[in-house]
Amino acid sequence: MGIHRLGILGALDEELEFLQNRMRCTSTWQRAGKTFFEGLLEGLTVVLSRADVGKVNSAITTQLLIDRGEVEAVIFTGVAGALVADLEIGELVIASGALYHDVDVTAFGYPLGQVPRLPKVFATDAFLNRELQLACTELGLQHRMGTIASGDSFISRPGQRETLAENFGALAVEMEGAAVAQTCYLNGIPFSLLRAISDRADGIAPDDFRAFSKRAAQRAAQVITRFCRRLSATG
Ligand code: ADE
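Here we summarise the structure given alongside this text. (Residues numbered from 1 in each chain as written. Predicted model: local features only at pLDDT ≥ 70, side-chain atom pairs only at ≥ 80, totals over all residues. Heavy atoms only, no water.)

By nearness alone, 13 residues border the ligand, and Gly81, Phe154, Ile155, Glu174 and Asp199 come closest of all. At a separation of 3.3 Å, a nitrogen atom of the ligand approaches a polar backbone atom of Gly81. One of the side-chain nitrogen or oxygen atoms of Asp199 is found 2.6 Å away from a nitrogen atom of the ligand. Isolated, the ligand exposes 260 Å² of accessible area, and the fraction of that covered by the protein chains is 96%. Elements that contribute at least two residues to the shell around the ligand include exactly strand 5 (73-82), strand 9 (172-174) and strand 10 (191-199). Element by element, the count of residues in the shell around the ligand is highest for strand 5, at three residues. (Near = heavy atom within 4 Å. Polar contact = N/O pair within 3.5 Å; in protein donor to acceptor, adjacent residues only side chain to side chain. Areas by Shrake-Rupley, 256 points an atom, 1.4 Å probe, with all protein chains shown as cover. Helix = DSSP H or I, 4+ residues; strand = E, 2+ residues; numbered from the N terminus.)

Attention now goes to the side chain of Ser49. For Ser49, the position within the fold is in strand 4 (residues 44-50). Judged by its relative accessible area of 0%, Ser49 is buried. With residues near it in sequence (within four places) discarded, Ser49 still touches Ile8, Leu9, Gly10, Leu16, Lys34, Thr35, Phe36 and Thr61. (Buried < 20%, exposed > 50% of the residue type's maximum accessible area, 1.4 Å probe, protein only. Contact = heavy atoms within 4.5 Å.)

A few words now on the packing of aromatic side chains. On inspection of all chains with the given rule, the structure shows four aromatic pairs. Seen in terms of ring centroids, Tyr100 and Phe122 are 6.2 Å apart; in terms of plane orientation they differ by 85°. Their pairing is edge-to-face. You can see Tyr100 sitting in strand 6 (residues 92-100) and its partner Phe122 sitting in strand 7 (residues 122-123), a full 22 residues away along the chain. Relative accessible area serves as the criterion here: at 6%, Tyr100 is assigned to the buried category. (Phe/Tyr/Trp six-rings, centres within 6.5 Å; stacked < 30°, edge-to-face > 60°.)

A full pass over the atoms with the stated rule returns 17 salt bridges. A salt bridge links Arg229 to Glu42; its shortest N-O distance comes to 3.1 Å. Highlighted residues: Arg229 in helix 6 (residues 205-234) and Glu42 in the loop between strand 3 (34-41) and strand 4, separated in sequence by 187 residues. Of the residues examined, Arg229 reaches a relative accessible area of 41% and is grouped as partly exposed. Of the charged contacts, one joins Glu138 and Arg226 as a salt bridge, the two residues approaching to 2.9 Å between their closest N and O atoms. Taken as a pair, Glu138 in helix 3 (residues 126-138) and Arg226 in helix 6 lie far apart in primary sequence, 88 residues in all. One salt-bridge network, in which partners are shared between bridges, spans Asp13, Lys34, Arg50 and Asp52. (Salt bridge = Lys/Arg side-chain N within 4 Å of Asp/Glu carboxyl O.)

Here strand 2 (residues 24-31) runs beside strand 3; their pairing, made up of seven bridges, is antiparallel. Looking at strand 3, one finds that Thr28 is bridged to Phe37. Where strand 2 hands over to strand 3, the hairpin turn is made up of two residues, of which Ala32 adopts a positive phi near 50°. The pairing of strand 3 with strand 4 spans six bridges and is antiparallel. Bridged to Leu40 within strand 4 is Thr45. Counted between consecutive antiparallel strands, the loop separating strand 3 from strand 4 contains two residues, among which Glu42 sits at a positive phi close to 55°. (Pairing = 2+ DSSP bridges.)

Looking now at the nonpolar core. Of all hydrophobic cores here, the largest spans 33 residues; its most connected members are Leu65, Val74, Cys184 and Ile197. Those elements that provide at least two residues to this core are helix 2 (55-67), strand 5, strand 6, helix 5 (177-187) and strand 10. It is helix 5 that contributes the most residues to this core, five residues altogether. The residues touching Cys184, leaving out its near neighbours within four places in the chain, are Thr62, Ile66, Val74, Ile189 and Phe191. Counting residues in hydrophobic clusters, the runner-up holds 32 residues, among them Ile3, Ile8, Leu141 and Ala196. (Core = buried A, V, L, I, M, F, W, Y, C linked by side-chain atoms within 4.5 Å.)

Structure (structure tokens):
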């Protein structure tokens, strides 16, 4: 499977800055308050946009990327909070799947996290994951694969992190991935998520985020750059 037109999303400027500085932008367009940048990154045609924070923002942006951007696959790059003790700040997580940690229809018999008529976990694409893994390896960067949990809250209150880890067995938490995943799933578009750890989703997470998110985001973006180079070489 070759990807010739890739959608790249992040939530924050700092998650996309590195990529924007390296891409050769040929056109831009705007819709729903989002700006989309089309051009070449490492020889691959990409459409890049800042989704902004949260599930609704990222679902809207993903749908626009698919409809008007006509991308063949979507990658989300950014930072996340670690939910397991042995995941260090700066380490990379490639999502094997994404789920919502703030969806609860258990009153009607659905497992926690599952939206009715949708899978509980949205599986990421095997080809994209392999290319992300190879890009990490080429750069000598350690990475883990596992479930990423998404919801509309920054996780830092006592007990929250433990509850999420226990309920969902996820490696990391963020605020967009599962919404991107759901949108891609409904459109039949392959997708994956790459996150670098910026904090431990604990009481000092806001301070850690301020201190480390830029560097962590840059590391994830470096992998995306190498990933694009690989995709453009394999055509
Ligand atoms: N993104 C980065 N850190 C996060 C956290 N602790 N909670 C939610 N999203 C995050």
